[in-house]
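Geometric and topological summary
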Amino acid sequence: MREDIKSFITKVRLPGRYTGGESGSVIKDKSYVRQRWAFCFPDTYEIGMSNLGVKILTGVLNEMDGVWCERVFAPWIDMEEEMRKRGIPLFALESGDDVGDFDFVAFSLSYELSYSNVLNMLSLAGIPLLSSERDDSCPVVIAGGHCTFNPEPLADFIDVFSIGEGEEALPEIARLYDEMRGDGTYTREGFLYRAATELKGFYVPSLYSVTYNEDGTVKEYVPKDGKVPARVKKRIVENLDKAYFPTDPALPLIEAVHNRITLEVFRGCIRGCRFCQAGMIMRPVREKTPDVLCRQAREYADNTGYEEISLSSLSISDYSCIEELTSKLIDWTNDEKINLSLPSLRADSFTKELMDKISSVRTSTLTFAPEAGTQRLRDVINKNVTEEEILRASHLAFAAGKSQVKLYFMMGLPGETYDDIAGIKDLASNVVEEYYRTPERNRKKQAQVTLSVACFIPKPHTPFQWEGQDTMEELSEKQQFLLDKIKSDRKIKYNYHDADVSRIEAIFARGDRRLGKALLLAHERGIKFCAWEECFDYDEWIRAIEDCGLSPDFYANRDIPDDEVLPWDVIDCGVTKEFLLRERHKAQDAVPTPSCLEKCSACGANGLVDKKYCRWCPGGGETPREAVEPVKTEKRARNTDAPAVRPVRIIFSKYGPMTYLSHLDFARNFMRALVRSHLPVWYTEGFNPIPKLAFASPLSVGCCGDREVADIKVTENISDEEILKTLREYMPDGIGVSEVYTAETKFRLIKWAENDIVVKTKNADPSLPEKIEKLFASPVVMMKRSKSGEKEVDITSMIKSVSASLTDDGVLIRAVTGTDSENYLNPEYVMTAVNDAFGVEGDDGYHIIVRRRLLLEDGVTEYR
Ligand code: SF4
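Just so it is clear, the structure is predicted and the values come from calculations on it, not from any experiment. The residue numbers shown here count from 1 along each chain, following its written sequence. Where totals are concerned, whole chains, interfaces and linings use all residues; where local detail is concerned, this predicted model gives features only for residues with pLDDT of at least 70, and gives and counts side-chain atom pairs only at 80 or more. Note: side-chain values were computed over all heavy atoms of the structure, leaving out hydrogens and water.

The salt bridge definition used is simple: a Lys or Arg side-chain nitrogen within 4 Å of an Asp or Glu carboxyl oxygen. According to the stated counting rule, one finds 65 salt bridges in the structure shown. The residue R34 makes a salt bridge to D178 at a minimum N-O spacing of 2.8 Å. Linking R34 in the segment before strand 1 (35-41) with D178 in helix 5 (residues 169-182), this pair joins segments that are 144 residues apart in sequence. Only runs of H or I of at least four residues qualify as helices and only runs of E of at least two qualify as strands under DSSP, and these elements are numbered from the N terminus.

What follows deals with the packing of helix 5 against helix 6 (residues 188-198). In this analysis an axis means a line fitted to C-alpha atoms, helices contributing only their contacting stretch, and an angle means the value between N-to-C directions, from 0 to 180 degrees. For the pair helix 5 and helix 6, interaxial distance at closest approach is 11 Å and the crossing angle is 140 degrees. Comparing the axis directions of helix 5 and helix 6 gives the class oblique. The two elements helix 5 and helix 6 cross, and the hand of that crossing is right-handed. Along the contact surface, helix 5 presents I173, L176, Y177, E179 and M180, while helix 6 presents G190, F191, R194 and A195. Orientation is classified from the angle alone, with under 35 degrees giving roughly parallel, over 145 giving roughly antiparallel, 65 to 115 giving roughly perpendicular, and any other angle giving oblique. Take the far helix as your reference; a near helix turned counterclockwise from it by less than a right angle gives a left-handed crossing, and one turned clockwise gives a right-handed crossing. What makes two residues a contact is simply this: any of their non-hydrogen atoms within 4.5 Å.

Another aspect to go through is the side chain of R36. Its place among the elements puts R36 in strand 1. Taking relative accessible area as the criterion, R36 reaches 16% and is therefore assigned buried. As used in this structure description, the phrase polar contact means that two N or O atoms lie within 3.5 Å; if the pair is within protein, one of them must be able to donate a hydrogen and the other to accept it, and residues adjacent in sequence are counted only when both atoms belong to side chains. Within the local environment of R36, its side chain forms a polar contact with the side chain of E70, the two groups lying 2.5 Å apart. A distance of 3.0 Å separates the side chain of R36 from the side chain of S95, its partner in a polar contact. For the exposure calls, accessible area comes from a 1.4 Å probe over protein chains only, and a residue counts as buried if that area is under 20% of its type's maximum, exposed if over 50%, partly exposed in between.

Attention shifts here to the sheet that holds strand 14 (residues 339-341). Strand pairing is defined by DSSP finding a minimum of two bridges between the two strands. Strand order in the open sheet made by the 3 strands is 10-13-14, with parallel pairing throughout. The open sheet has two edge strands with one neighbour each: strand 10 (261-264) and strand 14. Strand-to-strand twist in this sheet, taken as the mean axis angle between neighbours without regard to direction, amounts to 25 degrees. Pairing between strand 10 and strand 13 (residues 308-312): 4 bridges, direction parallel. Note on strand 13: the bridge partner recorded for E264 is S312. Against the sheet, helix 8 (residues 290-304) touches strand 10 and strand 13, its axis set at about 165 degrees to strand 10.

Sheet analysis places strand 22 (residues 703-714) next to strand 29 (residues 846-855), joined by 3 bridges and oriented parallel. Paired with C704 across the bridge in strand 29 is V850. Of the pairings in the sheet, the one linking strand 24 (residues 752-760) to strand 29 comprises 9 bridges and is antiparallel in character. Bridging across to strand 29, E754 finds its partner in R853.

Turning to the packing of helix 13 (residues 418-437) against helix 14 (residues 472-486), a few remarks are in order. Relative orientation of the contacting elements helix 13 and helix 14 amounts to 40 degrees, with a least axis distance of 9 Å. As far as their axial angle goes, helix 14 and helix 13 are oblique. Two packed elements cross with a definite hand, and for helix 13 against helix 14 that hand is right-handed. Contact residues: Y418, I421, A422, I424 and K425 in helix 13; E474, E477, K478, F481, L482, K485 and I486 in helix 14. Note that Gly is not counted as nonpolar here; it falls among the polar residues with everything else outside the nonpolar set of Ala, Val, Leu, Ile, Met, Phe, Trp, Tyr, Cys and Pro and the charged set of Asp, Glu, Lys and Arg. Of the residues assigned to the contact of helix 13 with helix 14, the class counts are 7 nonpolar, no polar and 5 charged.

Here the focus is the site of the ligand. Only heavy atoms are used to decide nearness, and a residue is near a molecule or strand if one of them lies within 4 Å of it. Inspection of the region around the ligand gives R283, C596, C600, S601, A602, C603, N606, W616 and C617 as its neighbouring residues. In the shell around the ligand, the residues fall into 6 nonpolar, 2 polar and 1 charged.

For the purposes of this section, nonpolar cores are sets of buried Ala, Val, Leu, Ile, Met, Phe, Trp, Tyr and Cys residues that join through side-chain atoms within 4.5 Å. In this structure, W37, F107, F191, L311 and F670 are the most contacted members of the largest nonpolar core, which totals 190 residues. With sequence-adjacent residues up to four places away left out, F107 is seen in contact with C40, V118, M121, L122, V141, I142, A143, G144 and I158. Listed in part, the 27 residues of the second largest apolar core include I421, V431, V449 and I492.

Below, the structure is given as structure tokens:
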């Protein structure tokens, strides 16, 4: 953890976002590192740590000799304020080093609303915001992710975009950099030129000039010379079975948005929904084989202790081996109490067999995405599912004991009428009715259908890229119309996305280079964290765009003619413009296109990889299977149903990164280590069993502990020595296990805690220790917070003793404070009282609290 944040880190929200030190994080010896990457996710830690792309690409780079790739997340507003106040630049989590000193600063761009955070992170790193203002001493700023399929709004700020899948592309650009640094030929300009002209899939905006027509539309993109490609083709991984997949990633210290294993089953989609960007830009479909997936899932679970595996892909029930995969996974996940979850399912490929598999999965909700309320509109958008299929799938789910169904829809789709919106409610009501058609014995709870309705956003490289978005007024009216229809039905829940957020997304999704000025202005006006409701300011965004002489309607609401040059035409996603136009015109006539499974529609993507890896493209076949070694594990199989044979007490220290976690986050880290260890721990019963674990007296955020106490129960006769050895092997940084023995006493015997408050302060008054002891010899009345509110109390009634002494760099206060519910006192109150009386913590001062021991009633004897 970086030294200069220690003095204030406990004052910011969720300090665990900034400490690093997670299990699985990669630390390399700097003396063997030639090239350093700062992999930046332009949002908070808990969102970035859930992103599979971040895990894959940091892992790929760290596999390279001499390359060290660290993670960087956007500091939340309170942290940024503290950093800017103290002149602390953006830093990387693993080393704590300044991002501005790295060779590469890489951004992962998954959503347009993160663009202002990219600028803010560059500014916090002290890197010139404009690519044109960077010199050879600056890092190379590179970006990848889905948003780079229209890189233009960020063209002024990013040196080079990596288009498409990065597993092979990033090591190539890293090697080019190494080569040029090694032979002394590196210049920033020369490097970017070689990346654009010698490697595939790299777009360097400064090598293209853009001209515009009088009406503001793009006239043309002119490459700097004949070697610079007129269009940059996306990169794609051919054989996913052989591609890098992270099975031992850094484990989030605090609760991440997705606290689970994300198992990527295949890439691409056979369906061709006309609004869906991912479905187009990730073509063609490439599948992993079930044995490879099973092995990866097993290793991942063993390494992390996660309790859930989520099968991830655009349309998981289209996976050609879904039943084989779920059978193979359930074989061991059920025994190990690991939950298997499936994201949104296709109603038409949802079978009884799949339902039977899912029935043994512990989830009560199934999710389908009809996207539109009527068959006509589903034909327009090419969502080839019928109402009958949705009802049949719901029936299967209800018959198997599920009571909740979630349905995803879009509003504002091209060609939509109010009949289509009314159709959303009708479909939801029919699903509810389907519930009451299932036998009564299956209906354990009340039916609940949740509608989640997003606003249509025209996305580049889709058949709907040319269609204007509804205006805000139109979208709001439509939302109100649906709300009015639904409000009397308690079995239907309606969630909708805000139209103003979708409008800003549409502007940047279809934006051109000129929007860079608006982004810069928005950044200068403090716009950041726009994906967060509390930070999103629609009016400020519109003002910034209009103040640059640009029109929001031009980007978001305009229907674009077929022959107009699009800002993203410079990117070749594999799917041809001819195909997209054919699809646009078929949508206008409400004519659906069959899936790749039924008939190839010649989208153009099949030429990107060897046909043997494209499951559905012409000439393709089943992905070639190679022998996969089963995971060899020496670990004991978990027997989570066995009864406990004895209670075990664990004495441990808590320090470093663990100090800055809430008790809940700390307990989760401790519990995951127990799961990873495969010790025969006794599990709780119920829906989601977890190891039974109890802590004697939770510590507050910012407090270390020398001899903390936790109890578990074991289900086998295993020796204390073996438990101790195993725990030491599996505990994360910041938890040091010192003793293990059979627990024979109850936590209620603990009455006091001995705390050391180490105060770092310059030039402490020599008489301070005496003054401190004197202070606590008389009543000290303070406002004290408790569950029932705040009230004035004399805190000395909750203190057994206080002593103090001078140290080399400050003062040491030893306080014995109460721990049980009637006289509990957080030792922070002792420090606050000292500060209030003597102001010992000046500008540079701060303190650390270490709980040394838990004590019995007499305030002297250690609890055991
Ligand atoms: S080439 Fe044909 S089968 Fe392959 S992704 Fe395109 S439409 Fe589907």
